[in-house]
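So the chains spell out like this:
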Amino acid sequence: QWLGRTAEGARPPLLCNYALSALAGVTWYFQFFFYTMGESQMGRLGFSSWTLHMASIIIFGTLWGFAFREWKDAGARIKAVVWAGVA
């Protein structure tokens, strides 16, 4: 029976998975908390805050992916396009 077990028959690390899920939720909440703090300080340029916020998420998420080798199996051309986009 597979339910509640990994393919190898071991039980999944539920406590670790729940903790990481909670950490992701708290991080997601704080992004809006800090976004609002930053927007309030932008004065007349506040209209650009959402664009800057989303761009930062994409850039740092992509860099994080390269740092943890999530792109290791991608072709050289694809990596070049991604790096050009980040630049």
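Just so it is clear, the model here is predicted, and its values are computed rather than measured.

Our next topic: the environment of Ala74. Among the secondary structure elements, Ala74 is positioned in the loop between helix H2 (49-67) and helix H3 (76-86). Exposure remark for Ala74: the relative accessible area of 25% places this residue in the partly exposed category. It is 29 Å that separates the C-alpha atoms of Ala74 and Gly25, two residues lying 49 residues apart in sequence.

Here the focus is the side chain of Gln31. As for its position among the elements, Gln31 is in helix H1 (residues 14-40). Side chain to side chain, Gln31 and His53 meet in a polar contact 2.9 Å long. Residues contacting Gln31, with those up to four places away along its chain left out, are His53 and Ile57.

Moving on, we get to the side chain of Ser49. By secondary structure assignment, the location of Ser49 is in helix H2. Here Tyr35 takes part through its side chain, which lies 3.1 Å from a polar atom of the side chain of Ser49.

A separate point is the packing of aromatic side chains. How two aromatic rings sit relative to each other is set out by the distance from centre to centre and by the angle between their planes. This model, assessed by the stated rule, comprises 11 aromatic pairs. Seen in terms of ring centroids, Tyr35 and Trp50 are 5.2 Å apart; in terms of plane orientation they differ by 85 degrees. Their pairing is edge-to-face. Of this pair, Tyr35 sits in helix H1 while Trp50 sits in helix H2; the two residues are 15 residues apart in sequence, bridging distant segments of the chain. On the basis of relative accessible area, Tyr35 is assigned to the buried category, the value being 15%. Judged by relative accessible area, Trp50 falls into the partly exposed class, the value being 39%. Seen in terms of ring centroids, Phe66 and Trp71 are 5.4 Å apart; in terms of plane orientation they differ by 20 degrees. Their pairing is stacked. Given the relative accessible area of 17%, Phe66 is considered buried. Here the aromatic residues Trp28, Phe32, Tyr35 and Trp50 are joined through ring pairs into a cluster of three or more.

Located in the positive-phi region is Arg69, a residue other than glycine, with phi close to 60 degrees. You can see Arg69 is positioned in the loop between H2 and H3.

Closest axis-to-axis distance for the H2/H3 pair is 10 Å, and the angle between their directions is 140 degrees. In the crossing of H2 with H3, the sense of the turn from one axis to the other is left-handed. Contacts between H2 and H3 involve Ile59, Thr62, Leu63 and Phe66 from the first element and Lys79, Val82, Trp83 and Val86 from the second. Counted by class, the contact of H2 with H3 contains six nonpolar, one polar and one charged residues.

The rules behind these values
- In every chain, residue numbers begin from 1 and rise along the written sequence.
- Reporting of local features is limited, given that this is a predicted model, to residues whose pLDDT is at least 70; pairs of side-chain atoms are given and counted only at 80 or more, and all residues count toward the totals for whole chains, interfaces and linings.
- Hydrogen atoms and water are omitted, and side-chain values are computed over all heavy atoms in the structure.
- Segments assigned H or I by DSSP are reported as helices when at least four residues long, segments assigned E as strands when at least two residues long, and all are numbered from the N terminus.
- Note on exposure labels: buried denotes an accessible area under 20% of the residue type's maximum, exposed denotes more than 50%, and partly exposed covers the range between, all computed with a 1.4 Å probe on protein chains only.
- Counting of polar contacts relies on pairs of N or O atoms within 3.5 Å, with two restrictions inside protein: one atom must be capable of donating a hydrogen and the other of accepting it, and residues adjacent in sequence are counted only when both atoms are side-chain atoms.
- Residue contacts are defined here by distance: any two heavy atoms, one from each residue, within 4.5 Å place the two residues in contact.
- Paired rings are identified among Phe, Tyr and Trp, the last through its six-membered ring, by centres lying within 6.5 Å, and are further divided according to the angle between planes into stacked (under 30 degrees), edge-to-face (over 60) and tilted (the rest).
- Fitted lines through C-alpha atoms serve as axes, helices being fitted only where they are in contact, and the angles separating the N-to-C directions of these axes extend from 0 to 180 degrees.
- Helix crossings get a hand from a simple test, with the near helix turned counterclockwise from the far one by less than a right angle marking a left-handed crossing and a clockwise turn marking a right-handed one.
- Under this grouping Gly is polar, as are all residues other than the nonpolar Ala, Val, Leu, Ile, Met, Phe, Trp, Tyr, Cys and Pro and the charged Asp, Glu, Lys and Arg.

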